[in-house]
Amino acid sequence: MLDLFSDEAPWTEPLAPGAVILRRLARDEAGDLLRTVMEIAAVNPFQHRITPGGYRMSVAMTNCGNLGWYSDRRGYRYSEQDAESNRPWPPMPASFLALAQRAAGLAGFKDFAPDACLINRYAPGAKMSLHQDKDEKDLSQPIVSVSLGLPAVFQFGGFERSDAVQRVLLEQGDVVVWGGPSRLRFHGIQPLKPGVHPDAGAFRYNLTFRRAGMAHF
Ligand code: MD3
Ligand code: FE
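Residues numbered from 1 in each chain as written. Chains lettered and ligands numbered in written order. Predicted model: local features only at pLDDT ≥ 70, side-chain atom pairs only at ≥ 80, totals over all residues. Heavy atoms only, no water.

Engineer: So what exactly am I meant to see when it comes to the coordination of the iron ion (ligand 2) here?
Structural biologist: Around a metal, the perfect tetrahedron of four donors has angles of 109.5 degrees, and the perfect octahedron of six donors has angles of 90 or 180 degrees. For the iron ion (ligand 2), the full set of protein donor atoms is H131 (NE2), D133 (OD) and H187 (NE2), at a range of 2.0 to 2.2 Å. Read in sequence order, the donor residues coordinating the iron ion (ligand 2) give the pattern H-x1-D-x53-H. The exposure class of D133 is buried, given its relative accessible area of 9%. (Donors = N, O, S within 2.8 Å, 3.2 Å for Na, K, Ca; no water. Buried < 20%, exposed > 50% of the residue type's maximum accessible area, 1.4 Å probe, protein only.)

Structure follows, in structure tokens:
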């Protein structure tokens, strides 16, 4: 049983109702997770997607799981295939699924069944502007995010783009669960500061686990 109130890793930091940081929850498995990311990227390479507005995203992305998140001139969506290769995404590794379900459970989401894992790669200067995640069908399911490699400043806003943001540093092994009333908050990542991480080199990686398709009842 994990003691959430000790001062050793992991420790919890509530952010807002429904949102909690599980600091360093994945610290000890971070190296393994990064090696698995590289295996996935060897099959389905990181790509800079184009937004519907025609901009090239500074973040490079790939996916694993039954559904992968994708953007092009026609919009944002989940698909069963990588549109570059027309092949299915690599399956979600058992270690990824176990970590996502463990984190969700610690945050009180007992039957999280992710079918999509988006893998974001940030190089120095890459950022993600404030946005909401609302392409998923069942918004009662949380999102679990895992930070790996270089640290980044995460922005956590309100329900309007213009609402004030909290800024939080996310570091390797930090896991955040976003659900309930926080699921539709605006959020983003400030431009990555250059650096060298012993496990990840010049990059930050983020895994986001989602239930993208319909949950089966
Ligand atoms: C808060 N990724 O891929 S993860 C994204 O670090 C995304 O790569 C960021 O935002 C990253 O969509 C942030 C943290 C995160 C993910 C989903 C959320 C925070 C969230 C959904 C609702 C509220
Ligand atoms: Fe997001």
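Now that the structure has been shown, we can carry on.
Engineer: What's the story with the sheet that holds strand β11 (residues 152-156) in this structure? I'm lost.
Structural biologist: Picture the strands of a sheet paired through backbone hydrogen bonds; they go either parallel or antiparallel. Taken in spatial order, the four strands line up as β9-β14-β11-β12 in an open sheet, and their pairing is antiparallel. At either margin of the open sheet sits one strand with a lone partner, and together these are β9 (128-131) and β12 (166-170). Averaged over all adjacent pairs, the angle separating strand axes in this sheet is 20°, with direction ignored. In this structure, β11 lies alongside strand β14 (residues 187-189), joined through three bridges in antiparallel fashion. Each residue of the ladder has a partner; that of Q155, found in β14, is G188. (Pairing = 2+ DSSP bridges. Helix = DSSP H or I, 4+ residues; strand = E, 2+ residues; numbered from the N terminus. Axes fitted to C-alpha atoms, helices over the stretch in contact; angles between N-to-C directions.)

Engineer: Sorry, what's going on with the sheet that holds strand β3 (residues 60-64) here?
Structural biologist: As summarised here, the arrangement of the seven strands in space is β1-β2-β13-β10-β15-β8-β3, forming an open sheet in which the pairing is antiparallel. Edge positions in the sheet fall to β1 (11-16) and β3, since each has one partner strand and no second. Averaged over neighbouring strand pairs, the angle between their axes works out to 20° when direction is ignored. Bridge count between β1 and strand β2 (residues 19-23): five bridges; the pairing is antiparallel. Pairing of E13 across the sheet is with I21, part of β2. Those strands touched by helix α2 (residues 94-106) are β2, β3, β8 (116-122), β10 (143-149), β13 (175-178) and β15 (204-210), and its axis lies near 120° from that of β10. (Contact = heavy atoms within 4.5 Å.)

Engineer: Which parts of the structure should I look at to understand the side chain of D115?
Structural biologist: Take D115: it is sitting in the loop between α2 and β8. A residue is classified by how much of its surface remains accessible, and D115, at 8% relative accessible area, is buried. Every residue in contact with D115, bar those within four places of it in the chain, is listed here: G65, N66, L67, M92, R210, R211, A212 and G213.

Engineer: I keep staring at the site of ligand 1 and nothing clicks. Help me out?
Structural biologist: Around ligand 1, a shell composed of 19 residues is seen, among which N120, Y122, W178, H187 and R204 lie nearest. In the environment of ligand 1, an oxygen atom lies 2.8 Å from a nitrogen or oxygen atom belonging to the side chain of R204. In this structure, an oxygen atom belonging to ligand 1 sits 3.1 Å away from a side-chain N or O atom of R210. Among the secondary structure elements, those contributing two or more residues to the shell around ligand 1 are β8, β9, β10, β14 and β15. Considering each element in turn, the shell around ligand 1 owes the most residues, four residues, to β15. Within the shell around ligand 1, the residues separate by chemical class into seven nonpolar, seven polar and five charged. (Near = heavy atom within 4 Å. Polar contact = N/O pair within 3.5 Å; in protein donor to acceptor, adjacent residues only side chain to side chain. Nonpolar A, V, L, I, M, F, W, Y, C, P; charged D, E, K, R; others polar.)

Engineer: Sorry if this is basic, but what is going on with the nonpolar core here?
Structural biologist: Most often, soluble globular proteins keep nonpolar side chains buried together rather than apart. Among the nonpolar cores identified, the biggest contains 32 residues, and F96, I119, V146, L207 and F209 are the most heavily contacted of them. Elements that contribute at least two residues to this core include exactly β2, α1 (30-43), β3, α2, β8, β10, β13 and β15. With six residues, α1 is the single largest residue contributor to this core. For F209, the residues in contact, after removing those within four places along its chain, are M92, F96, A100, F112, P114, A116, C117, P142, I143, V144 and V146. Counting residues in hydrophobic clusters, the runner-up holds 27 residues, among them L67, Y78, I143 and L192. (Core = buried A, V, L, I, M, F, W, Y, C linked by side-chain atoms within 4.5 Å.)

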